[in-house]
Amino acid sequence: MNSRHMTVAALAAAGALTLSACGTGSSSNNSGSSGSSSGSGSASGQVTGGPGIDTAGKTIHITSITALSGPASALGIPALAGARTALKAINAAGGVDGYKIKMSVKDSGYVPQNHVQAYKATVGDSAMIQSFGSPTTKAIQPLFDREGIVVQPLSWDSVWSKDPNLAPVGVPYATDVKNGLEYLSKQKKLGTKVGIVYQDDEYGADALRGYKEAVKAGGLDDVAQAPFKVGDTDFTAQVQKLKSKGAQIVLVTALPSASAPIVGTAASLGYNPTYLFQGPAWLEQIFTKDGTKSGKPTPVAGALAKQTYVLAFAAPWGSDVPGMAQMLADQKQYAPKQIPSEYFTFGYAQGKIIGAILKKAVQNGDLSRAGILKAKESLGSVDLGGLAPSPDYTSGGSPVSTKSIIARVDKNTTGFLKPVASGVTGQ
Amino acid sequence: MTEFFQLLFSGVALGAVYSLIALGFTVIYRASRVINFSQGAFILVSAYVISWLATDKGVPFFLAVALSIVFAVAVGVAFQLLVLRHLVGRSAFVAVMVTIGASIAMTAAVSAIFGPDQKLLGDPWGSSAVHAAGITFTWVKLWSIIVVAAVLYALYLFDRHSRYGLAMRATASDHIAALAAGVPVGRVHAIAWGMAATLGTIAGMFLAGFPNSPNLGLGDASFRAFPAIILGGLESPKGAVVGGVSIGVVEILTSGYSPGWAGTNFSAVAPYIVMIAVLLAKPYGLFGSVPAERI
């Protein structure tokens, strides 16, 4: 081989990686744009404005930086549809004390540097920001911490609760894992030998932390830990390890592109443990091609239907919780083509939280960044009608929710998730 | 021991797919001295086209594969004729950057056209397998090994016993001299791109087969095959196969038997350690040829 060409190849590969790692260096515009500051509070009926606030037009501009393309778009699209539906319903009901919420959308494709650029391009005109993903949100974290804007992550990283600018919804990964493992082993009595197959990144590390805490709490026997790399296509080694060690309950910390092959590989090797899917591992489309009951089953549907539990982000579609009927009515009106989706439900719950925070800020008479942050922190526990665990942002560093929702994969249930337990907490 | 042989079989099957990808790199490099960074995109496009034809349009699976090959070859040849042909004489770096650009464009097109939803390949193998001595041999993996052997033999026949095989070797040796001798170098380049597209389609079919499915990350497998071509020697089809199988086996075995002290990601590093070790002993790869230069 010609060494010159080898050098060129290496330079090109390094160049591509370098390009993908670069962000822009300019600082963001932190000034209000459409907003105009006026008045001093609700007592006089006036509201202090800020970036993204149009007090004259009574409009609050927010931005969702999400993944509408790329590998995570199957998750980002229904979540965005859910949030939009909730906001449309809020606006149709008069908005938040007369203010309409207008959400702009930026697609970052789940690429951190694109996320940073989208953030910088929109933060000056946004009162709040939604941010999809853990690595992407971490990429903009120093920026929003500096600017004091409230950001709602669509991610469940355990560190979010320590950042006052963040308004997460749901149970952090580590807490969720601990709750789920203890529930299946100690309450459902499905075995004490546990194993974990996890992707070797921040998401996996967070799950592993919860897994170890569950084992440390006693009563569980950690028989195998099997990491894999994002992009792996063969999981024989991981499955073989779990099988040979006799893991009875296997925690699957993966994305759907890996969770389905893991289960399929295990089934082909004659290994059928109880699976506990961490939230991001599940997607309706790994059961049928289009995610509906009438869709063509995937090759792993049979194995999934045997004994797979899911740590759900949100209440299973159509489940018997107080907020479900309203959500389904809103979905029918504003997103009629939406198929049953856990991510839609979760996005809808996030939209409700945005509405609650902004309503509180309007009532406080302060829609400045500091005012919205103060509103979030003083909101107290928000009742989401059981659609998602109710967050409480007053806890100061503790997880905003600790009560998990556990569902079981069931081929006869719309959305394929049958409710098993909610409000599950560990020991 | 059963566990070892199970992992070995999976490693050989994975390596067979890496070999197909590596062969795609090799045929283009031999003909045009271009390292084709869009090979992964061909894998991705082909898997989605097969899926679309077989599951959405009801085309019989193997006909869908054949049509996908035709499509990929058309795209590959058109890319060579319309774009790369005009870069003759420019630095290799320009051509490399163009293939990177093509890869990004093709991946974005797949995302835009087919959307984010889960796809099924529609392959006839599914989870079917044969079991012997406690080892599970899934048909999709068995076929990947068989097909690689067949493809390698076909490439050998083409290379040694066909007019264009000879032309390709002449072009690989010295494309200016080949041109002076009347070798249709442009056509040779187009054939090479067609062959690479075919190899990419076959690799895509196996990569997206059970238990996987067509997904937007499929093309990244081409980067996993990169150590294989360096290990085997970028110009050598034989080296691509030996390198591919070696890397597949190393990856799976280190994933199964990785010592705790080596960290959780040792299986990702191991192929590169093997590659560097080989390059220290044989700087042009196992089967690479040392260039002779007139001083």
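Residues numbered from 1 in each chain as written. Chains lettered and ligands numbered in written order. Predicted model: local features only at pLDDT ≥ 70, side-chain atom pairs only at ≥ 80, totals over all residues. Heavy atoms only, no water.

Chemist: How should the overall build of chain B be read in this particular structure?
Modeler: Of the regular secondary structure elements, chain B holds 12 helices and 2 strands. Helices and strands in chain B line up, N terminus first, as α-α-α-α-β-β-α-α-α-α-α-α-α-α. Taken against the 2.2 N^0.38 rule, which gives 19 Å for 295 residues, the C-alpha radius of gyration of chain B at 19 Å falls within 12% of a compact globule. Projected onto the principal axes, the alpha-carbon positions of chain B cover approximately 60 × 50 × 35 Å. With 295 residues in all, chain B has 54% of them scored as buried. Considering only contacts in chain B between residues 6 or more positions apart, those separated by 24 or more positions represent 74%. Of the accessible surface of chain B, which amounts to about 12,400 Å², a share of 69% is contributed by carbon and sulfur atoms. (Helix = DSSP H or I, 4+ residues; strand = E, 2+ residues; numbered from the N terminus. Rg over C-alpha atoms; globule rule 2.2 N^0.38 Å. Buried < 20%, exposed > 50% of the residue type's maximum accessible area, 1.4 Å probe, protein only. Contact = heavy atoms within 4.5 Å. Areas by Shrake-Rupley, 256 points an atom, 1.4 Å probe, with all protein chains shown as cover.)

Chemist: Quick question: what am I supposed to make of the overall build of chain A here?
Modeler: Looking only at helices and strands, chain A features 12 helices and 12 strands. Relative to its full complement of 427 residues, chain A shows a buried share of 59%. Look at the contacts in chain A between residues 6 or more apart in sequence, and 66% of them connect residues 24 or more apart. Summing over all exposed atoms, chain A offers an accessible surface of approximately 15,200 Å²; the carbon and sulfur share of this is 52%.

Chemist: Hey, could you run me through the pattern of salt bridges in this one?
Modeler: Pairing is possible between side chains that carry opposite charge, provided their charged atoms lie close to one another. On inspection of all chains with the given rule, the structure shows 14 salt bridges over all chains. The partner of lysine 178 of chain A in a salt bridge is glutamate 182 of chain A, and the shortest N-O contact between them spans 3.3 Å. Linking lysine 178 of chain A with glutamate 182 of chain A, this pair stays in helix H5 (residues 173–187), spanning 4 residues, or about one helical turn. Of the residues examined, glutamate 182 of chain A reaches a relative accessible area of 4% and is grouped as buried. Arginine 209 of chain A is the partner of aspartate 206 of chain A in a salt bridge, and the nearest nitrogen-oxygen pair spans 2.8 Å. Taken together, the residues span about one helical turn, with aspartate 206 of chain A and arginine 209 of chain A both in helix H6 (residues 202–216) at a distance of 3 residues. Through salt bridges with shared partners, a single network forms among Lys229 and Asp232 of chain A together with Arg224 and Glu251 of chain B. (Salt bridge = Lys/Arg side-chain N within 4 Å of Asp/Glu carboxyl O.)

Chemist: Sorry, what's going on with unusual backbone geometry here?
Modeler: For residues besides glycine, phi is generally negative; the peptide bonds are generally trans as well. With an omega of 0°, the peptide bond running from phenylalanine 210 of chain B to proline 211 of chain B counts as cis. Mapped onto the elements, proline 211 of chain B comes out in the loop between helix H8 (185–207) and helix H9 (221–224). A positive phi is found at tyrosine 110 of chain A, a non-glycine position, where the angle reads about 65°. With respect to the helices and strands, tyrosine 110 of chain A occurs in the loop between strand E3 (100–107) and helix H3 (112–122). Residue classification places tyrosine 110 of chain A among the partly exposed positions, given a relative accessible area of 28%. Phi is positive for phenylalanine 416 of chain A, close to 65°, though the residue is something other than glycine. One can find phenylalanine 416 of chain A in the loop between strand E11 (404–409) and strand E12 (417–424).

Chemist: Would you take a moment to explain the pairing of strand E5 (residues 150–154) of chain A for this structure?
Modeler: On a regular strand, one side chain projects to one face of the sheet and the next to the other, so that they alternate. Residues and elements named next belong to chain A. With 5 of 5 residues buried, E5 is to be regarded as a mostly interior element. Burial along E5 is two-sided: Val150, Gln152 and Leu154 facing one way and Val151 and Pro153 facing the other are all buried. Both strand E4 (residues 128–132) and E5 contribute to a ladder of 5 bridges, which runs parallel. Looking at E5, one finds that glutamine 130 is bridged to glutamine 152. For the segment spanning E4, helix H4 (residues 134–147) and E5, crossover handedness is right-handed. (Pairing = 2+ DSSP bridges. Right-handed = clockwise from strand over helix to strand, strands pointing away.)

Chemist: Sorry if this is basic, but what is going on with the pairing of strand E2 (residues 59–66) of chain A here?
Modeler: Residues and elements named next belong to chain A. Across the 8 residues of E2, 7 count as buried, placing the element largely inside the fold. Sheet topology note: the strand E1 (residues 53–54)/E2 ladder contains 2 bridges and is antiparallel. Within the sheet, the bridge partner assigned to aspartate 54 lies in E2 and is threonine 59. Between E1 and E2, which pair antiparallel and follow one another directly, the connecting turn spans 4 residues, one of which, lysine 58, has a positive phi of 50°. Across 8 bridges, E2 lies against E3 in parallel orientation. Bridging across to E3, isoleucine 60 finds its partner in isoleucine 101. Traced from E2 through helix H2 (residues 73–92) to E3, the parallel crossover comes out right-handed.

Chemist: Sorry, what's going on with the UniProt feature "transmembrane region" (unreviewed entry) in chain B here?
Modeler: Residues and elements named next belong to chain B. With numbering matched to this structure, UniProt assigns "transmembrane region" (unreviewed entry) to residues 6–27, 34–55, 61–84, 91–114, 134–158, 190–210 and 269–287. Measuring from the first to the last C-alpha atom of residues 6–27 gives 32 Å, for a span that is 100% helix and 0% strand. The annotated region residues 190–210 carries 86% helix and 0% strand content, and the separation between its end C-alpha atoms amounts to 33 Å. (UniProt positions renumbered as here; feature names shortened; annotations may be inferred.)

Chemist: I'm lost on the confidence of the model for chain B in this one. Help?
Modeler: Low pLDDT marks stretches whose predicted atomic positions should not be read closely. When pLDDT is averaged across chain B, the result is 89; 99% of the residues are at 70 or more. Complex prediction metrics read pTM 0.84 and ipTM 0.86. (pLDDT = per-residue confidence, 0-100.)

Chemist: Any chance you could explain the sheet that holds strand E8 (residues 249–253) of chain A here in plain terms?
Modeler: The strands making up a sheet are joined through hydrogen bonds of the backbone, oriented either antiparallel or parallel. Residues and elements named next belong to chain A. Spatially, 7 strands are ordered E7-E6-E8-E9-E10-E11-E12 in an open sheet, and the strand pairing comes out mixed. The open sheet has two edge strands, strand E7 (221–228) and E12, and neither has a second partner. The average undirected angle you get between the axes of adjacent strands in this sheet is 20°. Here E8 pairs with strand E9 (residues 274–277) via 4 bridges, running parallel. The residue of E9 that forms the bridge with isoleucine 249 is threonine 274. Seen against the sheet, H6 touches strand E6 (193–199), E7 and E8 and runs at an angle of roughly 165° to E6. Its contacts with the sheet place helix H7 (residues 236–244) against E6, E7 and E8, and it is angled at close to 175° to E7. (Axes fitted to C-alpha atoms, helices over the stretch in contact; angles between N-to-C directions.)

Chemist: Explain the domain arrangement of chain A to me, please; I cannot follow it from the model alone.
Modeler: Note on interface size: it is often stated as the accessible area lost on association of the parts. Residue and element names in this part refer to chain A. When its domains are assigned, chain A resolves into domain 1 (2–170 + 320–396) and domain 2 (173–312 + 405–424). The interface is formed by 14 residues belonging to domain 1 together with 21 residues belonging to domain 2. Taken together, both faces of the contact between domain 1 and domain 2 bury some 1,300 Å²; the carbon and sulfur share is 57%. Linking domain 1 with domain 2 are 1 salt bridge, by the criterion used here. The salt bridge involving lysine 138 is made with glutamate 202; its shortest N-O contact spans 3.1 Å. (Domains from an automatic or database assignment. Buried area = accessible area lost by both parts, 1.4 Å probe.)

Chemist: So what exactly am I meant to see when it comes to the packing of helix H6 (residues 163–173) of chain B against H8 of chain B here?
Modeler: Between two packed helices, what matters for the description is the angle formed by their axes and the separation of those axes. All names here are of chain B. H8 packs onto H6 with a crossing angle of 105° between their chain directions and a minimal axis gap of 10 Å. One way to sum up the angle between H6 and H8 is to call them roughly perpendicular. Across from Tyr164, Ala167, Met168 and Thr171 in H6, the residues of H8 making contact are Val185, Arg187, Val188, His189, Ile191, Ala192 and Met195. Split by residue class, the contact of H6 with H8 holds 8 nonpolar, 2 polar and 1 charged. (Parallel < 35°, antiparallel > 145°, perpendicular 65-115°, else oblique. Nonpolar A, V, L, I, M, F, W, Y, C, P; charged D, E, K, R; others polar.)

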